[in-house]
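Listed here are the chains, written in short residue letters.
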Amino acid sequence: DVKVTQSSRYLVKRTGEKVFLECVQDMDHENMFWYRQDPGLGLRLIYFSYDVKMKEKGDIPEGYSVSREKKERFSLILESASTNQTSMYLCASRSGNQPQHFGDGTRLSIL
Amino acid sequence: SQQGEEDPQALSIQEGENATMNCSYKTSINNLQWYRQNSGRGLVHLILIRSNEREKHSGRLRVTLDTSKKSSSLLITASRAADTASYFCATVPPTGGYQKVTFGTGTKLQVIP
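Here is a short report on the structure shown in this document.

Reading guide: rules and limits
Residues numbered from 1 in each chain as written. Chains lettered and ligands numbered in written order. Predicted model: local features only at pLDDT ≥ 70, side-chain atom pairs only at ≥ 80, totals over all residues. Heavy atoms only, no water. Phe/Tyr/Trp six-rings, centres within 6.5 Å; stacked < 30°, edge-to-face > 60°. Contact = heavy atoms within 4.5 Å. Salt bridge = Lys/Arg side-chain N within 4 Å of Asp/Glu carboxyl O. Polar contact = N/O pair within 3.5 Å; in protein donor to acceptor, adjacent residues only side chain to side chain. Helix = DSSP H or I, 4+ residues; strand = E, 2+ residues; numbered from the N terminus. Nonpolar A, V, L, I, M, F, W, Y, C, P; charged D, E, K, R; others polar.

So, on to the packing of aromatic side chains. Tallied over the full model, the rule gives eight aromatic pairs over all chains. Their ring planes at 25 degrees and their centres at 6.2 Å tell us that Phe 33 of chain A and Tyr 35 of chain A sit as a pair that is stacked. Every member of this aromatic cluster is reached through a ring pair, and the members are Phe 33, Tyr 35, Phe 48 and Phe 102 of chain A together with Tyr 35 and Phe 103 of chain B.

On to the interface of chain B and chain A. Counting from both sides, the interface comprises 22 residues of chain B and, opposite them, 23 residues of chain A. Where chain B meets chain A, there are one salt bridge. Of the charged contacts in the structure, one is a salt bridge between Asp 104 of chain A and Arg 41 of chain B, with a shortest N-O distance of 2.8 Å. Seen at the junction of chain B and chain A, the total is four residue pairs in polar contact (both at pLDDT 80 or more). At the level of secondary structure, the elements contributing two or more residues to the side of chain B that touches chain A comprise β4 (31–37), β5 (43–50) and β9 (85–92) of chain B. For the side of chain B that touches chain A, the element with the most residues is β4 of chain B, which contributes four residues. In terms of residue class, the side of chain B that touches chain A is built from eight nonpolar, twelve polar and two charged.

Okay, here's the thing in structure tokens:
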């Protein structure tokens, strides 16, 4: 079974901090994604990557950056955390047009 | 509005009843996928239906697709309390270039024992 592992289930940070969310997948998928999920808004794509060192902006990239130095790892970076970035963050991976596999999410609170 | 929109937003039924959720979308698709999300967890893929298919079954799940109406429905038969979760549809555009998956806002299903 594909496993997508997010480094933290819960995280509390302060405004202005630089925050790193890590995601690792074990199935050699070329595509990886970061979403945020907020009540009533569903899943919104922040960034995605279709290959090592490649990245593309999603629908809401402002305030975020990403890093993909190795195929199995995709990191989401909040350059200077703000309270409106409090959310549930979901990482996913997939191969080609196949369904996406999700991690269990990181519930991030910015105080 | 989003590509995939589920209807209803919330649904509450008794155990043993059937649950039907609908999804509408706006543009052409390669396939449509349904996912389930238990509270506080990630999404889990349930079933994928391609644009040239009209119906698909998997256990107690039945998915239909009507490309002329740009809509899909997910039917869960003989529901159980363990089916309580949020259900999302997701659309994948036709091949050619990168296929971005677009998720709807979900239907929250509560099955009462």
